[in-house]
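# Coordinate inspection notes
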Amino acid sequence: MPGISREEVAHLARLARLELKDEELDHFAGQLDDIIGAVATVSDVADEDVPPTSHPLPLTNVMRPDEVRPSLTSAQALDQAPAQEQQRFKVPQILGEE
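Below is a summary of the structure that appears in this document. Each chain has its residues counted from 1, running along the sequence as written. Local features in a predicted model are, by the rule used here, given only for residues with pLDDT of at least 70; side-chain atom pairs are given and counted only at 80 or more, and totals for whole chains, interfaces and linings are based on all residues. The side-chain numbers reported here are obtained from all heavy atoms of the structure, hydrogens and water having been left aside.

Turning to the environment of isoleucine 36, a few remarks are in order. Counting through the fold element by element, isoleucine 36 comes out in helix H2 (residues 22-45). For isoleucine 36 and isoleucine 4, which are 32 residues apart along the polypeptide, the C-alpha to C-alpha distance reads 9.1 Å. We count a stretch as a helix when DSSP gives it H or I for four or more residues in a row; a strand needs E for two or more, and each element gets its number in order from the N terminus.

This is the structure we're talking about:
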């Protein structure tokens with residue numbers, strides 16, 4: 001596979017709206033070539049019977065079941081609130097909107 005050219009790096013830089021100097025174009029061309037080579041190596045190693053994974057071990061969420069438990073009523077929760085409105089805590093406006 002041919003290497004990444006300076007023109008291709010310059011094109012990518014323009015797409016990403018990056019301003020690169022001439023020496024940076026050469027430097028990044030070599031680095032991008034190395035990255036593409038590494039990805040090609042991994043692609044060669046990956047076999048068709050191995051599914052793509054994000055983790056080596058399966059992950060499962062550990063969650064408790066939702067259960068109704070005794071809690072405060074709205075009146076009890078708002079009892080000590082400095083300000084309340086429509087059975088909710090009233091807080092100072094911060095965004096300047098109504």
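Past the structure itself, the notes keep going.
Let us now look at helix H1 (residues 6-15). Buried means the residue's accessible area, taken with a 1.4 Å probe over protein chains only, is under 20% of the maximum for its type, while exposed means over 50%, and partly exposed covers the values in between. Of the positions making up H1, those classed as buried are Val9, Ala10 and Ala13. Axial view of H1: buried residues confined to an arc of 100 degrees, hence all on one face. Summarising the geometry of H1, the exposed residues directed more than 90 degrees from the buried face are Glu7, Arg14 and Leu15. Here, two residues are considered to be in contact whenever any of their heavy atoms come within 4.5 Å of each other. Looking at the buried side of H1, the elements it contacts are H2. One or two steps after H1, the chain reaches arginine 17, where phi turns positive at roughly 55 degrees. Here the arc refers to the set of directions running from the helix axis out to each C-beta atom.

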